[in-house]
Amino acid sequence: AGHGAMAAKDTGKDAKQRQEDKARMRQLIVTLGDQPAKLISAIKGCNGALQDDLDDYSEHILMTIVDCAMHLPTKSAILAILCGLINVRKPAFVQQLIDRTAKELQERVKQGKYMQAQLLLRFVICLANCQAVQATAALEVLVSLLKLIEGVPCQEGGDVIVGMVMGAVPWISTALREMHKSEVDIILDACDVYMARRNVPWLAGVTIFNTAEAAITQKDRLGALWHALKQLREKWEVISIVAPYVSVGEQLAKGVPHQLPPFILTTADVKKKSLVYMVDPIPVSPGGDEMTAVDRWVLQDLVIATIHCFSRSIGECRKQVLMIPVNHAQFDRVVIETIYGQMLRVPAPSQLPLFYFRLLQSTPTLQSSMKGHIEAVGNFYISRMGYIDVECGEVLADFLSFYLAASQYAWSWDELVGEAVAMPHAQRVARFMRQTMEQLQRLSFHDNLLSRLPKSLHEFVPPEPVGKAVFRNSGSKEYADLKSQVRIKDADVAAVKSVVMALVGALRTREVTKIDTEGDVKKEGSDDEDIMDVIEPVVTRWSREEVLEMFMYAVLENGSRTPTHCTRLLDWYKDVFPAIIPKDPTEAAACHALIMKSITAFWKLSGLRMQITTQAMVVRDILPAQAAIDHLFLAGSMDEDSHTDSLSCWHLVENLLEQGLREARMLREELAGATKMGNSERAVALQQQLEVLDAKTKQVFVSIFKGLFTVFAKTPTENFKRITLSRTLAVGRRYHEFLAPFLSDIEEAVSSPELAGSVQQVWTLLRAIAAA
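Residues numbered from 1 in each chain as written. Predicted model: local features only at pLDDT ≥ 70, side-chain atom pairs only at ≥ 80, totals over all residues. Heavy atoms only, no water.

Engineer: Would you explain the overall build of the protein chain in this entry?
Structural biologist: Looking only at helices and strands, the protein chain features 34 helices and five strands. Burial statistics for the protein chain: of 772 residues in total, 51% are counted as buried. A separation threshold of at least 6 residues defines the contact pool for the protein chain, and within that pool the share at least 24 residues apart is 78%. Split by element, the accessible area of the protein chain, about 35300 Å² in all, is 52% carbon and sulfur. (Helix = DSSP H or I, 4+ residues; strand = E, 2+ residues; numbered from the N terminus. Buried < 20%, exposed > 50% of the residue type's maximum accessible area, 1.4 Å probe, protein only. Contact = heavy atoms within 4.5 Å. Areas by Shrake-Rupley, 256 points an atom, 1.4 Å probe, with all protein chains shown as cover.)

Right, here's the structure in full:
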């Protein structure tokens, strides 16, 4: 028994030691290259440390290296050099690693995980640079990938495969290029053929700037890379990739290059996905040597890949971005430009906008030189607001409000106020500043903004966000009694419902009037000598609409302290509304319109509270989303004061649409499950529910587009007409996946002869985006 206990104790100690050894090796590999000044000695030291452990921990080391190759964008060449040195003494291990890399590469392509596939492909090229893989075999992988998409349209997988191939080409070393120039030229020629036939009609619909007006050239990522590779072909030099192959060339030459296993991929394995995010169009700032096109593209790509791989941690992401080993005077500027470009990517950025806000706001805490570039790049965009897509402008307003709240309201304002902004941008910049202040007031207090911001910005600060009970019966005794009954503490829903129903059709007495001898009505208290002591009460009854308005204002006024107060009142008294609102669709629609009118009038000075209150009523099935949408376009034109142009309006629209689409998504998932399980009865019921929900959502989109086109036709100013067209494109672009099957029907429902020209161009772009 004693010997057994000792053996168990030893086994436990061995297991703990193995875990510690694995953690040590993983840490050694993951942090390799974090100190560029000691890179070569670190690689050699890591090779020496791992050699003795390869026999016992080969699988762990192999998977750690492959995992790092997939998730550490800047270390493809560093990891390849390590493998090249290991190959000198342990070629069998390296062959296993190459086989595993090839397998993982194919799996990632099949799964549609193209970022990881791209990084693994670069790792394979770097292994060929280190003579661990036969160069002809590595280049043949690129050729075989290009053969997959011969004749395949860009929107059906062509772009992603060509993007992977061209994205790996800069990682081909100068020595490998010189030794295999003909094979590399064949690859580049094939890329040229594809790019020559590539058709991207959707490009104009996803640009940050309106290219028809702005003198700024914009390319998508693939087009920019193609342009960069043309320059690289003339002079093969890339300084943005740390790859010290020459320093260890003699040691690497002692290893034997390995073959790659055959790639078994078909066109069907390539998932549909287009590269639509944009190259930042801002020119490099003066005062330093310009980066070459390929170095700029590589640095941008490393930033984008780092954000993708470390998006779960803002702290680690900013650290990894700043550790990108590129020593160039324009490094800070290009990094900030790239983050802005990703934040403004349409139809949607890869991360939530708040992620980019926090990344930009927190990066200067590690590298203070970034702060000036953040403001300079931001002002570049803002000062050209007249050409910027409306959705991108609103993302910038969100960002600036967040940045100001987190940085004690510090910003270089001189470029954005007064005569610093040239026409035609001045009006749009003023609109942008109003939107920014509207968002900033959500994060701070009204008085705080006036005390902390420069006086030149006070004209853009909105009024203090307070609710006002401004309706015709606010002074009546009935309203005072009803308002006292509508409360959170000791709520009595049955009593309120009784009071409300008793009021509908009940008699009431309006204000007393005095009538003179000639029968003319005089105001009470008049000094006119002809007034006689004739008092005639005007007796009427409370209409259903007036009672609904009274009850609605009672809820709004008693719930105005905080959004929580309002939502708690709605939770208590939501069953009162069906008792007032009739079943007849026409009469019900009039009541719903009255509810929206009450909300927008009460919260005229606070778009946020209007948005929250409306959405709370829609969620509780008190108010249909259709009624909310219809009311927002009731004005029929756009100006600075209309709801149609407010951020709160469009945040509300997006939330209402997302709610319907989310429900449809859940129904589709449930329908797929019922179909898979063979539950036909349940599947038929779900399909019917889905059709009804899709029809409702489609009608909401019809109302939105009709409203926008009505606004476009009635708005007198050219500035707001452009905003309306940009808004129409933004809505269709954001929801293009849902709209694709219905786009023709919606276009037919909302089109009219007087809306030709510019409006037709928007529909053309939306059709192209839906097809992509």
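So that's the structure; there's more coming.
Engineer: Please explain the packing of aromatic side chains as it appears in this structure.
Structural biologist: In this description, an aromatic ring pair is defined by two values, namely the gap between the centres and the angle between the planes. All chains considered together, the criterion is met by 19 aromatic pairs. Taken together, the ring pairs connect Phe209, Tyr340, Phe357, Phe380, Tyr381, Phe399, Phe402, Tyr403 and Trp411 into an aromatic cluster. Across the ring face of Trp226, the terminal group of Lys230 is positioned such that the distance to the ring centre comes to 3.9 Å. (Phe/Tyr/Trp six-rings, centres within 6.5 Å; stacked < 30°, edge-to-face > 60°. Lys NZ or Arg CZ within 6 Å of the ring centre and 35° of its normal.)

Engineer: In this structure, what is going on with the confidence of the model for the protein chain? I would like to understand it.
Structural biologist: Do not read the predicted coordinates in detail wherever pLDDT is low. Of all residues in the protein chain, 87% have pLDDT values of 70 or greater, and the mean over the chain is 85. The low-confidence segment residues 6–10, where pLDDT is below 50, has zero contacts with residues more than four positions distant or belonging to other chains. In this model residues 511–535 is a low-confidence stretch, pLDDT under 50, and it forms 26 contacts with partners more than four residues away in sequence or in other chains. (pLDDT = per-residue confidence, 0-100.)

Engineer: Whenever I open this one, the pattern of salt bridges confuses me. Can you help?
Structural biologist: Any two side chains of opposite charge can pair, so long as their charged atoms come close to each other. According to the stated counting rule, one finds 31 salt bridges in the structure shown. Its salt-bridge partner being Arg26, residue Asp67 comes within 3.1 Å of it at the nearest N-O pair. With Asp67 in helix H3 (residues 54–71) and Arg26 in helix H1 (residues 2–30), the pair connects residues that are 41 residues apart, well separated along the chain. With relative accessibility at 25%, the residue Asp67 sits in the partly exposed group. Close ionic contact of Arg767 with Glu747 constitutes a salt bridge, the shortest N to O distance being 2.7 Å. (Salt bridge = Lys/Arg side-chain N within 4 Å of Asp/Glu carboxyl O.)

Engineer: I tried to follow the packing of helix H29 (residues 647–676) against helix H30 (residues 680–714) on my own but got confused; where do I start?
Structural biologist: Any two packed helices are characterised by the angle at which their axes cross and by the distance between the axes. Between H29 and H30, the least distance of the axes is 9 Å, while the angle of their chain directions is 160°. On the basis of their axis angle, the class for H29 and H30 is roughly antiparallel. Considering how the two elements wind past one another, H29 and H30 form a crossing that is left-handed. Tallied by class, residues from the contact of H29 with H30 come to 16 nonpolar, five polar and five charged. (Axes fitted to C-alpha atoms, helices over the stretch in contact; angles between N-to-C directions. Parallel < 35°, antiparallel > 145°, perpendicular 65-115°, else oblique. Left-handed = near helix turned anticlockwise from the far one by under 90°. Nonpolar A, V, L, I, M, F, W, Y, C, P; charged D, E, K, R; others polar.)

Engineer: Can you walk me through the packing of helix H13 (residues 293–309) against helix H15 (residues 331–343) in this structure?
Structural biologist: Between H13 and H15, the least distance of the axes is 10 Å, while the angle of their chain directions is 55°. Here H13 lies oblique to H15, going by the angle between them. As for how H13 packs across H15, the hand of that crossing is right-handed. Across the interface between the two elements, Arg296, Leu299, Gln300, Val303, Ile304 and Ile307 from H13 touch Phe331, Val334, Val335, Glu337, Thr338, Ile339 and Gln342 from H15. Of the residues assigned to the contact of H13 with H15, the class counts are eight nonpolar, three polar and two charged.

Engineer: What is the right way to look at the nonpolar core in this model?
Structural biologist: Within soluble globular proteins, side chains that are nonpolar generally end up buried alongside one another. Of all hydrophobic cores here, the largest spans 231 residues; its most connected members are Tyr340, Met343, Phe551, Phe577 and Ile704. Apart from residues lying up to four places away in sequence, Phe551 is in contact with Leu482, Val486, Val496, Val500, Tyr573, Val576, Phe577 and Ile580. Of all hydrophobic cores here, the second largest spans eight residues; its members include Ala664, Ala683, Leu690 and Leu693. (Core = buried A, V, L, I, M, F, W, Y, C linked by side-chain atoms within 4.5 Å.)

Engineer: In this structure, what is going on with empty space enclosed by the protein? I would like to understand it.
Structural biologist: To find leftover empty space, a probe the size of one water molecule is rolled over the atoms. One pass over the full model with this rule turns up four cavities of 30 Å³ or more. Approximately 90 Å³ is the volume attributed to the largest cavity. Taken as a whole, the second largest cavity holds about 70 Å³ of empty space. For the lining of the second largest cavity, the class distribution of residues is seven nonpolar, three polar and one charged. (1 Å grid on protein atoms, 1.4 Å probe; cavity = no way out; pocket = protein on both sides within 12 Å on 5 of 7 lines; lining within 4 Å. Points joined across faces, edges and corners; volume = space filled by probe spheres on them.)

Engineer: Where do I start with the layout of surface pockets in this structure?
Structural biologist: A volume near 1200 Å³ is recorded for the second largest pocket. Around the second largest pocket sit 42 residues that line it, and Pro462, Lys604, Leu605, Ser606 and Gly607 are the ones nearest its centre. If you list the elements that add at least two residues to the lining of the second largest pocket, you get helix H19 (425–443), helix H20 (446–452), helix H26 (585–602), helix H27 (607–619) and H29. It is H19 that provides the largest number of residues to the lining of the second largest pocket, a total of seven residues. Here the residues of the lining of the second largest pocket sort into 15 nonpolar, 14 polar and 13 charged.

Engineer: Looking at this structure, I do not really get helix H7 (residues 135–148). What am I missing?
Structural biologist: Residues lying three or four places apart along an α-helix face the same way, a consequence of the helix completing one turn every 3.6 residues. An ideal rise of 1.5 Å per residue puts 20 Å on 14 residues; H7 measures up with 21 Å between its terminal C-alpha atoms. Three or more residues of H7 are buried, namely Ala135, Ala137, Ala138, Leu139, Val141, Leu142, Val143, Leu145, Leu146 and Leu148. The inward-facing, buried residues of H7 abut helix H6 (114–129), helix H8 (158–168), helix H9 (174–179) and helix H10 (181–197). (Expected span 1.5 Å × (residues − 1).)

Engineer: Mind showing me how you'd approach the side chain of Arg609 here?
Structural biologist: For Arg609, the location among the structural elements is in helix H27. Buried and unpaired, Arg609 has no salt bridge, with Glu464 as the nearest side chain of opposite charge at 11 Å. The residues contacting Arg609, other than those within four sequence positions of it, are Gly559, Ser560, Arg561, Thr562, Pro563, Cys566 and Trp603. (Lys, Arg positive; Asp, Glu negative; His and termini not counted.)

Engineer: Explain helix H18 (residues 390–406) here, please?
Structural biologist: For H18, with 17 residues, the first-to-last C-alpha span of 25 Å sits near the 24 Å given by 1.5 Å per residue. Counting buried positions over the 17 residues of H18 gives 14, a clear majority of the element. The residue sitting at the N-terminus of H18 and contributing the capping side-chain oxygen is Asp389; that oxygen lies 2.9 Å from the backbone nitrogen of Glu391. Count one or two residues on from H18 and you reach Gln408, which has phi positive near 60°. (Polar contact = N/O pair within 3.5 Å; in protein donor to acceptor, adjacent residues only side chain to side chain.)

Engineer: Before we go on, may I ask you to explain the side chain of Ser362 in this structure?
Structural biologist: Residue position: Ser362 is located in helix H16 (residues 353–362). For Ser362, a relative accessible area of 8% puts it in the buried group. A distance of 2.7 Å separates the side chain of Ser362 from the backbone oxygen of Arg358, its partner in a polar contact. Not counting residues within four places of it along the chain, the set of residues in contact with Ser362 comprises Ile314 and Arg318.

Engineer: Hey, could you run me through the environment of Ala625 in this one?
Structural biologist: When you line up the elements, Ala625 lands in helix H28 (residues 625–632). Note on Ala625: relative accessible area 22%, which makes it partly exposed. With sequence-adjacent residues up to four places away left out, Ala625 is seen in contact with Val618 and Leu656.

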